[in-house]
Amino acid sequence: AIDRDGSEVRYAMLETIRQFAEEALATAGDGEAARDRHAAFFADLVDRAFELVTTENEPLAYRMVATEISNLSAAFRWSLDHGQVDWAVRIGAKAHHIARVGLRAETYGWPDEVLEMARQDQHRELPLVLSGVCDVATSVGRHDDAVRYGLEAVALHLDDHYEFTSGAYINTGFALAQLGRIDECLAMLRAGAEHPVGDPGRGCLAYLHVFVAVFAAALPDEERRAAIADLAASPMPTIRAAGFWVQAMYAAIDDVPAAIALYQQAIDISAASGGRILEETCRGFQLGLLAQTDDLDVALTGFARAVDVWQVRADHYTGTGLAELVRLLARLGFHAGAARLGGAVTPREMPLDAYPNVQSAVETMRDAMGADAFTAAFEAGRALSPHAAAQLAHDLIAQARADHLIPS
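Keep in mind that what you see is a predicted model, and the values were worked out from it rather than measured.

**Student:** If you had to explain the packing of aromatic side chains to someone new, which residues and values would you point to?
**Tutor:** Under the defined criterion, the tally for this structure stands at ten aromatic pairs. Measuring from ring centre to ring centre gives 4.4 Å for phenylalanine 76 and tryptophan 110, while their planes differ by 15 degrees; the resulting arrangement is stacked. Placement of phenylalanine 76 in helix α4 (residues 69–81) and of tryptophan 110 in helix α6 (residues 110–121) is noted, with a sequence separation of 34 residues between them. Accessibility classification places phenylalanine 76 together with tryptophan 110 in one group, the buried group. Measuring from centroid to centroid gives 5.9 Å for phenylalanine 374 and phenylalanine 378, while their planes differ by 25 degrees, and the two rings are stacked. In this pair, phenylalanine 374 and phenylalanine 378 are both assigned in helix α20 (residues 371–382), four residues apart and thus about one turn of the helix distant. Taken individually, phenylalanine 374 and phenylalanine 378 each receive the classification buried, so the pair is uniform in this respect. Through pairs of rings, three or more aromatic residues link up here, namely Phe174, Tyr207, Phe211, Phe215, Trp245, Tyr263 and Phe285. Positioned above the aromatic ring of tyrosine 149 is the side chain of arginine 148, whose terminal nitrogen or guanidinium carbon lies 4.7 Å from the ring centre.

**Student:** An account of helix α8 (residues 143–156) is requested, with residue identities and associated values reported.
**Tutor:** Compared with an ideal rise of 1.5 Å per residue, which puts 14 residues at 20 Å, α8 spans 20 Å between its outermost C-alpha atoms and is within 8% of the ideal. His143, Ala146, Val147, Tyr149, Gly150, Ala153, Val154 and Leu156 are the residues of α8 that are buried.

**Student:** Explain the side chain of serine 270 residue by residue, including any values.
**Tutor:** Here serine 270 is to be found in helix α14 (residues 256–273). The buried category is assigned to serine 270, whose relative accessible area is 0%. For serine 270, the side chain forms a polar contact with the main-chain oxygen of alanine 266, separated by 2.8 Å. Here serine 270 is in contact with Ala241, Gly275, Leu278 and Glu279, once residues within four sequence places are set aside.

**Student:** Which residues make up empty space enclosed by the protein, and what values do they have?
**Tutor:** In this approach the atoms are scanned with a rolling probe the size of a water molecule, which exposes any empty space left behind. The final tally for this structure, using the stated rule, is one cavity of 30 Å³ or more. By volume, the largest cavity is sized at about 60 Å³. Around the largest cavity sit Glu280, Arg283, Gly284, Leu287, Arg305, Ala306, Val309, Tyr317, Thr318, Gly319, Thr320 and Gly321, which together line it. Looking at which element gives the most residues to the lining of the largest cavity, the answer is helix α15 (residues 276–290), with four residues. Residues of the lining of the largest cavity, tallied by class, amount to four nonpolar, five polar and three charged.

**Student:** An account of the side chain of threonine 238 is requested, with residue identities and associated values reported.
**Tutor:** By the secondary structure assignment, threonine 238 is in helix α13 (residues 237–251). According to the relative accessible area criterion, threonine 238 is buried, its value standing at 7%. Here glutamate 58 takes part through its side chain, which lies 2.6 Å from a polar atom of the side chain of threonine 238. Filtering out sequence-adjacent residues up to four positions away, threonine 238 remains in contact with Glu58, Ser273, Gly275 and Leu278.

**Student:** Break down the environment of glycine 102 for me, with residues and values.
**Tutor:** Mapped onto the elements of the fold, glycine 102 is located in the loop between α5 (85–101) and α6. Setting aside chain neighbours within four positions, we find glycine 102 in contact with Gly274 and Arg276.

**Student:** A description of the environment of glycine 201 should follow, citing residues and the corresponding values.
**Tutor:** Mapped onto the elements of the fold, glycine 201 is located in the loop between α10 (182–193) and α11 (203–214). Taking the C-alpha atoms as reference points, glycine 201 and valine 53, 148 residues apart in sequence, are found 8.3 Å from one another. In contact with glycine 201, other than residues within four places in its own chain, are Thr54, Ser234, Met236 and Ile239.

**Student:** Could you give an account of the pattern of salt bridges, naming the residues involved and the relevant values?
**Tutor:** Under the criterion given, the structure shown has 26 salt bridges. The closest approach of N and O atoms between arginine 90 and aspartate 86, which form a salt bridge, is 2.6 Å. With arginine 90 and aspartate 86 both in helix α5, this residue pair falls four residues apart, about one helical turn. Note on arginine 90: relative accessible area 10%, which makes it buried. For aspartate 86, a relative accessible area of 35% corresponds to the partly exposed category.

About the criteria used
Residues numbered from 1 in each chain as written. Predicted model: local features only at pLDDT ≥ 70, side-chain atom pairs only at ≥ 80, totals over all residues. Heavy atoms only, no water. Phe/Tyr/Trp six-rings, centres within 6.5 Å; stacked < 30°, edge-to-face > 60°. Helix = DSSP H or I, 4+ residues; strand = E, 2+ residues; numbered from the N terminus. Buried < 20%, exposed > 50% of the residue type's maximum accessible area, 1.4 Å probe, protein only. Lys NZ or Arg CZ within 6 Å of the ring centre and 35° of its normal. Expected span 1.5 Å × (residues − 1). Polar contact = N/O pair within 3.5 Å; in protein donor to acceptor, adjacent residues only side chain to side chain. Contact = heavy atoms within 4.5 Å. 1 Å grid on protein atoms, 1.4 Å probe; cavity = no way out; pocket = protein on both sides within 12 Å on 5 of 7 lines; lining within 4 Å. Points joined across faces, edges and corners; volume = space filled by probe spheres on them. Nonpolar A, V, L, I, M, F, W, Y, C, P; charged D, E, K, R; others polar. Salt bridge = Lys/Arg side-chain N within 4 Å of Asp/Glu carboxyl O.

Structure below.
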């Protein structure tokens, strides 16, 4: 079979032919050797893809992993099951990093699976493995664990034996921020941005200034302008998009339409490059601003889409839009429903008011409902499955449309 995707052509065989070929290899005694060659090939392929991430060809890295995810999964599982530590660690760490940025789920547990073997082997990619474990822990609200793994990864950078990864600083910074340790978060990201090895894609710099803006940290205007210029010069499309994200947050203070337009630039660049985490995060913040305008219909339509995305990948990184939906629902008077939804979309270890953008909404709900009723609704929401939480969100969106005379 021939599969044409743009200028690329891929050849595939029918499943029955593949099974016959596999049985023939096994009969000939060459099955394990063929599997080894397959795993080695895809370990090398993911190395090449990973090298592209911090370049202008970043989108190609995401396409390579998306296209080969079945082969990468087979190669990873074979390597892991047959003690091929190097192949398993390289695929588990690098494929996960790339797939994660694209919001793919197939690699979700791979860094955890190879962590102990990477430690025992003192594998050069151990910081990247730890960074991946930190990231997954953050995404499900295990922030203390995330910080522990992240700090271990950062500490390894004192030893030249290990490969440097800016992700160690970025993911540890995210985890620290979720625990409210803002000064430590900013110091961690600044350390990554200023590391002697360098921050080739300017990722640490980007997220340093994202968090400076989110938490309204004091920063000289000159440093902020210089950072925005540096981000605009990044070879990575997603980091250039992050530069627009930073500008949008500052613009939102006194020019909401300009901020909405800047978020759209960030969204468009991220969508084109395949950086879906940044795309969805910026969509969430943009929806929060759209909800402040007169065109509530556009905002509610966008929130419905955000709910569907979150239901598929129910973690912290896809929750920005739902946090903004909670804020809107509280403002519209749907206090009990908003509190339940807030509980459903908030990671177990994180209080809802840890999101800086919804602190006022939490206060509104507590004042309207009473502290005990708010807490009961919030905890009831925690017990909901992603499917049930998504249905609740869609029901609340429909009620908001009906009450505000917006045709569905």
